[in-house]
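Residue-level structure breakdown
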Amino acid sequence: MDLQSLYQAIILDHYRAPHHAGLREPYEAEVHHVNPTCGDEVTLRVHLVDGTVSDISYDAEGCSISQASTSVLADLLIGKPVDEAMTVHETFVELMQGRGQVEPDEDVLEDGVAFAGVAKFPARVKCALLGWMAWKDATAQAVVDARG
Amino acid sequence: MAFTGHKMVGPTGIGALWGRTEVLTALPPFLGGGSMIETVAMAGSTWAPLPAKFEAGTPPIAEAIGLGAAVDYLAAIGMDRVAAHEQAITAYALERLGDIDGLTILGPSEPVDRGGAISFEIDGVHPHDVSQVLDSLGVAVRAGHHCAKPAHRRFGVQSSTRASFYLYTTTADVDALVDGLDQAKRFFQVG
């Protein structure tokens, strides 16, 4: 197995200095997701304003892959309309579940393309998706609550 | 006392339960099936004597033969020698691992009150990342909670890496582990 293809420099950079880390107010939904096979945990909050992702804040504990992917998630999705953010989410999930056969779209995923190599390591795909699944869950809750 | 075959050079899917006759006689069967009955009537049944009472249905025949071979193999080596090797290799590993900066051994750092497995953590490198680097170097360890999450809470760590030693583990294997840990620290630029 090629370690360099798994641990791209971008991933290590985000791991050492995660962006948008910490839990902040205000928020409409908070979720706590765990990966029971390895013990990684994330508490994630979503703040939506007029259908746009205004903030994503989180407290995460886990491996470099899960920490970095949550950092990239926050970078990518903060400021985007929810619909567009969901499309980016789908693109990232597709990449991660593509067993390394999917060519990543840098225009959509930006730093997220660094995770293309993770898709070749089946045991680590769940690490990369932890924060992303938490975000989708929290956002879905926030949208439902907003509709009353 | 219970043990499993796959942790004593035997097959998976089989193990053994040892208990005092009076206790096992008092225990009801936990499964019904072939070979475990004495008489069966519409109003009630009686059970076969020990150990058949607990061995309902078709037995794992190939596994039993494999476990028997494992027992013969270990008995021929001598369990006292297996234990002595395990203690020596664990002592060596505790010493080598203890010299690594930033590495904390969970549990006793002397080869007392412990078996042939050592759990540890490294500052700044998550166990899953440690194990990934070691895997790429051909060193197999386990990362996570090891079915003991409360114990990890007790030691104040989120998870740990665990190296296990057995009768075939050599000091060169331990050296490869230590080299791998140095590489993992370098890779993640810790220490």
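Let me sum up the structure you'll find in this document.

Conventions used here
- Residues numbered from 1 in each chain as written.
- Chains lettered and ligands numbered in written order.
- Predicted model: local features only at pLDDT ≥ 70, side-chain atom pairs only at ≥ 80, totals over all residues.
- Heavy atoms only, no water.
- Helix = DSSP H or I, 4+ residues; strand = E, 2+ residues; numbered from the N terminus.
- Rg over C-alpha atoms; globule rule 2.2 N^0.38 Å.
- Contact = heavy atoms within 4.5 Å.
- Areas by Shrake-Rupley, 256 points an atom, 1.4 Å probe, with all protein chains shown as cover.
- Lys, Arg positive; Asp, Glu negative; His and termini not counted.
- Charge placed at Lys NZ, Arg CZ, Asp CG, Glu CD.
- Buried area = accessible area lost by both parts, 1.4 Å probe.
- Salt bridge = Lys/Arg side-chain N within 4 Å of Asp/Glu carboxyl O.
- Polar contact = N/O pair within 3.5 Å; in protein donor to acceptor, adjacent residues only side chain to side chain.
- Nonpolar A, V, L, I, M, F, W, Y, C, P; charged D, E, K, R; others polar.
- Axes fitted to C-alpha atoms, helices over the stretch in contact; angles between N-to-C directions.
- Parallel < 35°, antiparallel > 145°, perpendicular 65-115°, else oblique.
- Left-handed = near helix turned anticlockwise from the far one by under 90°.

**Concerning the overall build of chain B**
Broken down by element type, chain B carries six helices and eight strands. Ordered by position from the N terminus, the helices and strands of chain B form the series β-β-α-β-β-α-α-β-β-α-β-α-β-α. Taking 2.2 N^0.38 as the reference for a compact globule, 191 residues should give roughly 16 Å; the C-alpha atoms of chain B span a radius of gyration of 22 Å, well beyond that estimate. The principal-axis extents of the C-alpha atoms in chain B amount to approximately 70 × 40 × 30 Å. Taking as baseline every contact in chain B between residues at least 6 positions apart, the subset at least 24 positions apart corresponds to 57%. Accessible surface computed for chain B: about 11100 Å², of which carbon and sulfur atoms make up 58%. For chain B, the distance from the average site of its 13 positive side-chain charges to the average site of its 20 negative ones is 7 Å.

**Observations concerning the interface of chain A and chain B**
Of the residues lining the interface, 21 residues belong to chain A; the matching set on chain B comes to 16 residues. Of all residues in chain A, the largest losses of buried area upon contact with chain B belong to Leu-3, Arg-16 and Cys-38 of chain A, amounting jointly to 30% of the total for that side. A salt bridge links Asp-129 of chain B to Arg-124 of chain A; the nearest nitrogen and oxygen atoms lie 2.9 Å apart. Taken together, the connections running from chain A to chain B amount to seven residue pairs in polar contact (both at pLDDT 80 or more). At the level of elements, helix 1 (3-6), helix 2 (9-16), strand 2 (40-49), helix 3 (64-77) and helix 6 (122-147) of chain A are the ones that each hand at least two residues to the side of chain A that touches chain B. Of the residues assigned to the side of chain A that touches chain B, the class counts are twelve nonpolar, four polar and five charged.

**Things to note about the packing of helix 4 (residues 127-136) of chain B against helix 6 (residues 171-187) of chain B**
Residues and elements named next belong to chain B. For the pair helix 4 and helix 6, the least separation of the axes is 9 Å and the interaxial angle reads 120 degrees. On the basis of the axis angle, helix 4 is oblique to helix 6. Viewed along their axes, helix 4 and helix 6 form a crossing whose handedness is right-handed. Residues Val-130, Val-133 and Leu-134 of helix 4 lie in contact with helix 6, whose contacting residues are Leu-177, Gly-180, Leu-181, Gln-183 and Ala-184. Split by residue class, the contact of helix 4 with helix 6 holds six nonpolar, two polar and no charged.

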